[in-house]
Amino acid sequence: MTAPLTPSQPPHGRPPHDTWQQTAQPSGAVLSPADEEAGPGMKTEVRQAVVIMFAVAVCGILLGLLWLWLAPRVPLVADDKAVYLKDTEGEQAIGVDGSFALLALAFGAVTGAVVFLLRKRGGIPLVLGLTAGGLLGAVLAWRLGVFLGPETNVAAHAKAVGEGVAFDAPLELKAKGALLAWPVAALLVHLGLTGLFGPRDPEPYPLPYGDPAPYGGGAPYGDAAPYGEPGRADGRSDSAGA
């Protein structure tokens, strides 16, 4: 009759304390030391997001100056009764909105890429700061362009230049949706770069013995039935049965 295996003699010569049992996480995977590195705290991320928001918003000054320089002018002319468009079939007004939208898209793409290069880890506060900064920058550019552009008081300007003399209309942004071009472009570029080139979660280390199931997934004692002879699960020997 085969002697039973004692607890002090684990099967297959395994040590009493398997390494995988000590290092495995509850999910069954062992994490590398890099996984355990803690990222910046929430307060740090919020501070960085606020800094990025103001830095991006300040870039709106440059956008406003470029818009003032590149936007087409809308010519007006006045008589003794009213002020009229000099070229009624001109598309200068559409060009004003289009130039702002194109410049805002370019600024959004550049700021989104720069923020990604500076902070590849990303995070929700960072994305929110980038988006809010883009919107604030677009509003700042719009108001700055109007402020530095031609005279906004059309009647006074027409009286000052005289009847029949052409003058530039105030710089206006009729399509207010163009203000969203900057934040939307920045958000899409940043998310796209993060998805393509952002840091990936490292693969978990494999278990020391390769197979998470104890004893290789087979019977705990091989072909031998516990407390009996091989091939018998009732604990009796063939001689006893005979």
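Residues numbered from 1 in each chain as written. Predicted model: local features only at pLDDT ≥ 70, side-chain atom pairs only at ≥ 80, totals over all residues. Heavy atoms only, no water.

Digging into the packing of helix α4 (residues 92–118) against helix α7 (residues 181–197)
The contact between α4 and α7 brings their axes to 7 Å, and the two run at 35°. As for the relative orientation of α4 and α7, their crossing is right-handed in sense. For the pair α4 and α7, contact is made by A101, A104, L105, F107, G108, A109, T111, G112, A113, V115 and F116 and by A181, W182, A185, A186, V189, H190, L193, T194 and F197, respectively. Across the contact of α4 with α7, the residue classes tally to 15 nonpolar, 5 polar and no charged. (Axes fitted to C-alpha atoms, helices over the stretch in contact; angles between N-to-C directions. Helix = DSSP H or I, 4+ residues; strand = E, 2+ residues; numbered from the N terminus. Left-handed = near helix turned anticlockwise from the far one by under 90°. Contact = heavy atoms within 4.5 Å. Nonpolar A, V, L, I, M, F, W, Y, C, P; charged D, E, K, R; others polar.)

Overview of the pattern of salt bridges
In total, this model carries 1 salt bridge according to the counting rule given. With a shortest N-O distance of 2.9 Å, K174 and E172 are connected by a salt bridge. Judged by relative accessible area, which is 40%, E172 ranks as partly exposed. (Salt bridge = Lys/Arg side-chain N within 4 Å of Asp/Glu carboxyl O. Buried < 20%, exposed > 50% of the residue type's maximum accessible area, 1.4 Å probe, protein only.)

Digging into the pairing of strand β1 (residues 75–78)
The side-chain alternation of β1 yields one buried face, formed by L76 and A78, and one unburied face, formed by P75 and V77. The pairing of β1 with strand β3 (residues 167–168) spans 2 bridges and is antiparallel. Note on β3: the bridge partner recorded for L76 is F167. Alignment of β1 against strand β2 (residues 83–85), held across 3 bridges, turns out to be antiparallel. In the strand pairing of β2, L76 is matched with L85. (Pairing = 2+ DSSP bridges.)

Structural measurements only, silent on function.
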